[in-house]
Amino acid sequence: MPETAAPRLHALAGDLDHVAARRAGAVPGDSLGVAGAGSERRAGAVPEDSRRGRAAAVPEDSLEVVAAGPERTRGARVWAALWPKLAAVGLALALWELVVLSGWRPDYVLPGPAAVLGRLFADTMSGEVLVAAAITMKRALLGYAIALVAGVAIGLLMARVRVLRTAAGSLLTGLQTMPSVAWFPLAILLFQLSEAAILAVVVLGAAPSIANGLLHSFDQVPPLLVRAGRVLGARGLGLYRHIILPAALPGFLTGLKQGWAFAWRSLMAGELLVIIGHAPSIGVRLQFSRELSDAEGLLAWMIVVMILGVLVDGLVFGALERAVHRRRGLTGVHA
């Protein structure tokens, strides 16, 4: 037996004897103490001088490196997720500048990124961007909330009533594929130039997508899971609440995301066509910039539309998808 292994075996044997004696009652319970006393007893078994020697042997700067390790790891993760987006933005700005420098269109028609970003910064500092974004987002959230309730109700009804799905399934798909702009003549005729006309088109654009997404997510639920739920006693709405809806949640989130995209597009079209003077929304700013031939302002407001869409997609739907995938062990990466 190697000489280095003998002391370890002796120490292990001593620990086992001590445990056996403690279980037999030979070691007083006071020596065990409270939950944290075990570590103190083990620390007391080592001479204080040797502990000081080991503590002195570890440099202080190495302790700082160990303490800073999680923060650096978190920073590396953030940077790994951020740098591709920054690179894509830089590439888009570079291509934009190259098109401007080529002289394809004059500067007053197609200004460069520096002029547009400067205009965007000035409008943001003046408060115009915040006011317009608040009005537009209020309409978007209200319209999407109504569309969510209507889409879920329609989807559940068509999922439970097979005859209704057979009769109206194609109609629902037709409503989803119908351009939102086509609804505005009817909406203006019914509600005049008002908030109701814009909200009606937003709901008509988003609700069919949400209902279709819910139906398709139900279709992807494994039949074995449904049969297992019925065996366990799930029936009717309880089957949908406890079995089908949780199983269909990842696909339903995709339908919600698509519904938001339709709602956002419908809203932008509505604000361009339905001009309400006392509500200077993003669409109103876009229309005024076009009428005044203000190319810098037009491109700046288009960037605002894109930024808001990206933020909602990443901060809301992206976070929901990551949370659901993480809870279910779905990485989304396949070899």
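Let us look at the structure shown here.

Definitions and limits used
- Residues numbered from 1 in each chain as written.
- Predicted model: local features only at pLDDT ≥ 70, side-chain atom pairs only at ≥ 80, totals over all residues.
- Heavy atoms only, no water.
- Salt bridge = Lys/Arg side-chain N within 4 Å of Asp/Glu carboxyl O.
- Helix = DSSP H or I, 4+ residues; strand = E, 2+ residues; numbered from the N terminus.
- Buried < 20%, exposed > 50% of the residue type's maximum accessible area, 1.4 Å probe, protein only.
- Polar contact = N/O pair within 3.5 Å; in protein donor to acceptor, adjacent residues only side chain to side chain.
- Contact = heavy atoms within 4.5 Å.
- Phe/Tyr/Trp six-rings, centres within 6.5 Å; stacked < 30°, edge-to-face > 60°.
- Lys NZ or Arg CZ within 6 Å of the ring centre and 35° of its normal.
- Axes fitted to C-alpha atoms, helices over the stretch in contact; angles between N-to-C directions.
- Left-handed = near helix turned anticlockwise from the far one by under 90°.
- Patch = residues over 30% accessible without salt bridge, like charges linked within 9 Å, V, L, I, M, F, W, Y side chains within 5 Å.
- Areas by Shrake-Rupley, 256 points an atom, 1.4 Å probe, with all protein chains shown as cover.

Throughout the structure, instances matching the rule amount to seven salt bridges. Across the salt bridge formed by Asp123 and Arg119, the nearest N and O atoms sit 3.3 Å from each other. Of the two residues, Asp123 and Arg119 both sit in helix 5 (residues 113-126), four residues apart, roughly one turn of that helix. Looking at Asp123, the relative accessible area reads 8%, which means it is buried.

This next bit is on unusual backbone geometry. One can expect most non-glycine residues to show negative phi and most peptide bonds to be in trans. Not every positive phi belongs to a glycine, and Gln192 is a case in point at roughly 60°. Its location among the elements puts Gln192 in the loop between helix 8 (184-191) and helix 9 (195-219). A positive phi angle is found at Ser293, which is not glycine, with a value near 55°. Along the chain, Ser293 turns up in the loop between helix 12 (282-291) and helix 13 (295-328). With a relative accessible area of 63%, Ser293 lands in the exposed category.

A word on the side chain of Ser289. Within the secondary structure, Ser289 is located in helix 12. Note on Ser289: relative accessible area 8%, which makes it buried. A polar atom in the side chain of Ser289 sits 2.9 Å from the backbone oxygen of Arg285. Residues within four places of Ser289 in sequence aside, it is in contact with Asp294, Gly297, Leu298 and Trp301.

One pass over the structure, following the stated rule, counts four aromatic pairs. A centroid spacing of 5.7 Å and a plane angle of 20° characterise the contact between Trp260 and Trp264, whose relative ring orientation is stacked. Note that Trp260 and Trp264 are positioned in helix 11 (residues 236-273) at a spacing of four residues, about one turn of the helix. Here Trp260 matches Trp264 in class, with each residue buried. Between the aromatic rings of Trp260 and Phe317, the centroid separation amounts to 6.4 Å while the plane-to-plane angle is 40°, which identifies the pairing as tilted. Here Trp260, found in helix 11, pairs with Phe317, found in helix 13; they are 57 residues apart in sequence, far enough to count as distant. Pair check on accessibility: Trp260 and Phe317 agree, each one buried. These aromatic residues form a ring-pair network of at least three members: Tyr144, Trp260, Trp264 and Phe317. Here the basic side chain of Arg105 rests over the ring of Trp104, its NZ or CZ set 4.3 Å away from the ring centre.

As a packed pair, helix 8 and helix 9 sit with axes 9 Å apart at the nearest point and diverge in direction by 140°. Crossing hand, helix 8 versus helix 9: right-handed. Together, Phe184, Ala187, Ile188 and Phe191 of helix 8 and Ala196, Ala197, Ala200 and Val201 of helix 9 make up the contact between the two elements.

Below, the discussion takes up the environment of Ala206. Locating Ala206 in the fold gives a position in helix 9. For the pair Ala206 and Tyr144, spaced 62 residues apart in sequence, the C-alpha to C-alpha distance is 6.9 Å. For Ala206, the residues in contact, after removing those within four places along its chain, are Ala147, Gly259, Phe262 and Ala263.

What follows is about a nonpolar patch on the surface. Taken together, the side chains of Val78, Trp79, Leu82, Trp83 and Leu86 make up a nonpolar region of the molecular surface, amounting to roughly 530 Å² of accessible area. Take Val78: it is sitting in helix 4 (residues 60-101).

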